[in-house]
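One letter stands for each residue in the lines below.
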Amino acid sequence: MTLRPHRIAIAPSGFKESLSAARVAEAIATGVRRVIPDAELDLIPLVDGGEGTAEALALAGGGRLVPVTATGPVGDPVASHFALLGGGTTPGPLTAVVEMAAVAGLALVPPDRRHPGATTTFGVGELIRAALDAGARRILVGCGDSGTSDGGAGALQSLGARLTDRHGLELRPGGGALHELEHLDASGLDPRLADTELLVACNPYNVLCGKRGVARVFGPQKGATPAEVELLSAGLERLAAVLTRDLAPAFAPASGATALDLRTAPGTGASGGLGAGLASVGARLLPRYDVLLDGLDLDARLARADFVITAEGALDHQTVRGKIPAEVARRAQAAGVPVLVLAGTIGPGAQDVRAVGVDAYSAILPAPMTLVEAIGRSGEFLADASERAMRIMALGTRLAPVAPLAA
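An account of the accompanying structure is given in this report. (Residues numbered from 1 in each chain as written. Predicted model: local features only at pLDDT ≥ 70, side-chain atom pairs only at ≥ 80, totals over all residues. Heavy atoms only, no water.)

## Comments concerning the overall build of the protein chain
Along its length, the protein chain carries 13 helices and 13 strands. The C-alpha atoms of the protein chain give a radius of gyration of 23 Å, which matches the 22 Å a tight globule of 407 residues would have. Dimensions of the protein chain along its principal axes, counting C-alpha atoms only, are 85 × 55 × 40 Å. When contacts within the protein chain are restricted to residue pairs at least 6 apart in sequence, those whose partners lie at least 24 apart make up 72%. With the model as given, the accessible surface of the protein chain reaches about 18400 Å², and the carbon-plus-sulfur share is 56%. Of the side-chain charges in the protein chain, 36 are positive and 42 negative, and the distance between the mean point of each set is 3 Å. (Helix = DSSP H or I, 4+ residues; strand = E, 2+ residues; numbered from the N terminus. Rg over C-alpha atoms; globule rule 2.2 N^0.38 Å. Contact = heavy atoms within 4.5 Å. Areas by Shrake-Rupley, 256 points an atom, 1.4 Å probe, with all protein chains shown as cover. Lys, Arg positive; Asp, Glu negative; His and termini not counted. Charge placed at Lys NZ, Arg CZ, Asp CG, Glu CD.)

## Some points on the sheet that holds strand 13 (residues 360-363)
Pairing between the strands of a sheet comes from backbone hydrogen bonds, and it takes one of two forms, parallel or antiparallel. Ordered by their spatial adjacency, 5 strands build an open sheet running 2-1-11-12-13, and the pairing between neighbours is parallel. Where the open sheet ends on each side, the last strands, each with one partner, are strand 2 (40-43) and strand 13. Mean inter-strand twist for the sheet, computed between neighbouring axes without regard to direction, equals 20°. Where strand 12 (residues 339-346) lies against strand 13, 4 bridges are found, and the strand directions are parallel. (Pairing = 2+ DSSP bridges. Axes fitted to C-alpha atoms, helices over the stretch in contact; angles between N-to-C directions.)

## What to know about the pairing of strand 3 (residues 64-71)
Sheet topology places strand 3 next to strand 4 (residues 77-85); 8 bridges connect them, and they run antiparallel. Residue pairing across strands places Leu-65 opposite Ala-83, the latter belonging to strand 4. Linkage of strand 3 to strand 4, two consecutive antiparallel strands, is achieved through a turn of 5 residues, within which Gly-75 is found at a positive phi near 100°.

## Some points on the sheet that holds strand 6 (residues 138-142)
The 6 strands lie next to each other as 3-4-5-6-9-10, forming an open sheet whose pairing is mixed. With one partner strand each, in any of the chains shown, strand 3 and strand 10 (284-287) form the two edges of the open sheet. Across the sheet, the mean angle from the axis of one strand to that of its neighbour is 30°, orientation sign disregarded. Of the pairings in the sheet, the one linking strand 6 to strand 9 (residues 197-202) comprises 5 bridges and is parallel in character. Among the inter-strand pairings, Ile-139 is bridged to a residue of strand 9, identified as Leu-198. Contacting strand 3, strand 4, strand 5 (95-99) and strand 6, helix 4 (residues 122-133) crosses the sheet at an angle of about 135° to strand 3. In this fold helix 8 (residues 270-279) packs onto strand 6, strand 9 and strand 10, with an angle of close to 155° to the strand it touches most, strand 9.

Structure below.
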């Protein structure tokens, strides 16, 4: 009898500041083939709205990247881009994908300037305007990997809103100034927004304010001290109040719909609060995987596999709160397919992933090393870790059942 080859689905995220999801998938495939050269591999690189989202959706949707020079998170010009999907004979409005990480991501903030009280989303608004100039009337904004915590204030300013203090002066960039916000003048907002479908693909676990507010959860990762975290939190509270007061009348929901609570609604804390800022001008906040995985037929592809490998840069307590490995595991578990996670690092709370369907996880680093070396060699380490995992699995299948001890 001829046995069919093993079918393995490889569905990873990218490794921040290191490898795209496509390159992670290729590295894992390299390691698998060292052990099982005839395996049927289905490479499914996944994005979560962060780095690489625009490029991935352009490739998947037959689109193209449009280069744009825009304002980066620390105020300097950066080479950025957005994606245009379809067009021509494709029905419906021209769709653009704006990846906030491509203009306001943490990777664009030099390590010695990681002060989320000063970084801005101004460039996100510039990309939205560039997409409007290109004719897009449906714009998907991918949230993730942000280096900002300004509640989308910078994006609103670049779209034409004026945010002023009690003296009528324009606020300086960054979340550190938001506690001084007194008024928002929406009269200068780009009028094309009213005729544009603005969608935000975000992690619904992230909220703007409260004990689990975005400044408290992610501010320290972006370089904020405890005192700065409290300042940012107070500023986002103030921003939510002013946006609700000054923008809600202009962007009221359809008749019968409930107004969005900008403080605590799911996704309002996405990308340092960018979700709330864009929601205040009519954007719809959508669970990112409902949007970003559309068209991949992911559930069916996972169900066809004998085994699934996924990966991310850091496996910890945040993973179960909407990260790609948790989403892959949840879907694979529904199909009864085992899942292995490979991670750059394993932190506190990593064991929680077992509850969402992960059967095993492993770190890829072979020895202690600097972050710079780990990032530079991550492809090599992924391939080696995949090979080790496959060899251990192969060994396990060769073990004969152990007879029970005699009574």
